[in-house]
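Spelled out from the first residue to the last, the chains are:
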Amino acid sequence: MQIVINNEDEYLFRGKRKRLVEQLKEKGITDANVLNAILKIPRHLFFDESTARPALLDHAYSDKALKIGAGQTISHPFTVAFQTEKLNISRGDKVLEIGTGCGYQTAVLLEMGAKVYSIERQKELYDKTKLFLPRLGYRGAKIFYGDGYKGLPQFAPFDKVIVTAAAPYIPEELLKQTVIGGIIVIPVGEGAEQIMNVIVKKTENEYVKQEFGKFKFVPMLQNKNP
Ligand code: SAH
């Protein structure tokens, strides 16, 4: 099944996306490729159907986290923009994403020309998003049902790694699976809020870490969930 985007809706939602992009700029996002991706992607189509009521659709372009099913949420647009900007994406970058969720962050990375490998531990979300992204025209992402703590050793190394769930610590495997010169963006913390960590791998065992502000994510959990 192909998703048909009604022209009138598209016009209305594009206007909303333009305003969202203006807000993201005001909040400090400057990477034009990130902003263009957000301007283009129909975020309102990524929600859990059971909660996608018109009132909620209206919120699709406000800077809010919203339900995507299986008790999970899609990150705030600012969080998506902030993490993606910190990844400093160039076309052709091989990116590992932990926490596919509804696939919105995956779509942003694809739109920017990255080669995306994404892992989701919730079977329900994995099944849904694996079908949904190609229907929306986002083909080419390799999506895996698995545990992000383990990364994807068979496809390593990655130029960039993005974790979109709250990690209690920085998983050793993810550091190992990053190229020298590569970047890892990961929210770290076990409380209600986490600190965004941006790590650059300098040599096989030297890393430079910078911390950026507080964010709220659902927890990064161990093992797959059937
Ligand atoms: N990038 C997503 C954000 C979804 S929220 C989006 O744009 O929608 C975080 C996701 O991380 C949830 O779907 C959750 O199930 C998943 N997750 C949590 N722990 C994980 C793990 N260890 N491995 C893979 N995915 C995980």
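The rules behind each value
- Residues numbered from 1 in each chain as written.
- Predicted model: local features only at pLDDT ≥ 70, side-chain atom pairs only at ≥ 80, totals over all residues.
- Heavy atoms only, no water.
- Helix = DSSP H or I, 4+ residues; strand = E, 2+ residues; numbered from the N terminus.
- Rg over C-alpha atoms; globule rule 2.2 N^0.38 Å.
- Buried < 20%, exposed > 50% of the residue type's maximum accessible area, 1.4 Å probe, protein only.
- Contact = heavy atoms within 4.5 Å.
- Areas by Shrake-Rupley, 256 points an atom, 1.4 Å probe, with all protein chains shown as cover.
- Lys, Arg positive; Asp, Glu negative; His and termini not counted.
- Charge placed at Lys NZ, Arg CZ, Asp CG, Glu CD.
- Salt bridge = Lys/Arg side-chain N within 4 Å of Asp/Glu carboxyl O.
- Near = heavy atom within 4 Å.
- Polar contact = N/O pair within 3.5 Å; in protein donor to acceptor, adjacent residues only side chain to side chain.
- Pairing = 2+ DSSP bridges.
- Right-handed = clockwise from strand over helix to strand, strands pointing away.

Participant: Summarise the overall build of the chain; cite the residues concerned and give the values.
Facilitator: For the chain, the helix and strand inventory stands at 7 helices and 9 strands. Relative to the 2.2 N^0.38 estimate, which gives 17 Å for 226 residues, the radius of gyration of the chain is 17 Å and therefore close to what a compact globule would have. Here the chain holds 226 residues, and the buried ones make up 50% of them. Sequence-distant contacts in the chain: of pairs separated by 6 or more residues, those separated by 24 or more amount to 54%. Counting every atom, the chain has about 11,000 Å² of accessible surface; 52% of that belongs to carbon and sulfur. If you average the places of the 32 positive and of the 26 negative side-chain charges in the chain, the two averages end up 2 Å apart.

Participant: Give me the lowdown on helix α4 (residues 77-87), citing residues and values where you can.
Facilitator: Counting buried positions along α4 yields 10 of 11 residues, so the element is predominantly enclosed. Within the sequence span of α4, burial applies to P77, F78, T79, V80, A81, F82, Q83, T84, E85 and L87. In the segment just after α4, N88 is the residue with positive phi, at about 50°.

Participant: Explain the pattern of salt bridges to me, using residue names and the numbers behind them.
Facilitator: Two side chains that carry opposite charge are able to pair once their charged atoms sit near each other. Under the definition given, this model contains 8 salt bridges. A salt bridge links E22 to K25; its shortest N-O distance comes to 3.7 Å. Of this pair, E22 and K25 are both found in helix α1 (residues 7-26), 3 residues apart, which corresponds to roughly one turn of the helix. For the salt bridge of D127 with K123, the shortest nitrogen-to-oxygen distance reads 3.0 Å. Within this pair, D127 and its partner K123 are both found in helix α6 (residues 123-135), separated by 4 residues, close to a single helical turn.

Participant: Would you mind going over the site of the ligand in detail, with residue names and values included?
Facilitator: In the neighbourhood of the ligand, 27 residues make up the surrounding shell, with T73, G99, E120, G148 and L221 lying closest. Backbone polar atom of R121 to a nitrogen atom of the ligand: 3.3 Å apart, as the coordinates give it. One of the side-chain nitrogen or oxygen atoms of D147 is found 3.1 Å away from a nitrogen atom of the ligand. Mapped by element, the contributors of at least two residues to the shell around the ligand are β2 (72-74), β3 (94-98), α5 (104-111) and β4 (115-120).

Participant: Just give me the short version of the environment of V21, but keep the residues and values in it.
Facilitator: With respect to the secondary-structure elements, V21 resides in helix α1. Among the residues examined, V21 registers a relative accessible area of 7% and is labelled buried. As for V21 and K123, which are separated by 102 residues in sequence, their C-alpha atoms are 32 Å apart. If sequence neighbours within four positions are ignored, V21 has contacts with L35, I38 and L39.

Participant: Which residues make up the pairing of β4, and what values go with them?
Facilitator: In terms of residue burial, β4 counts as a mostly covered element, since 5 of its 6 residues are buried. With 5 bridges joining them, β3 and β4 adopt parallel strand pairing. Bridge pairing in β4 places L96 opposite Y117. Note that the unit made of β3, α5 and β4 has a crossover that is right-handed. One ladder, built from 4 bridges, connects β4 with strand β5 (residues 142-145); its direction is parallel. Bridge pairing in β5 links E120 to Y145.

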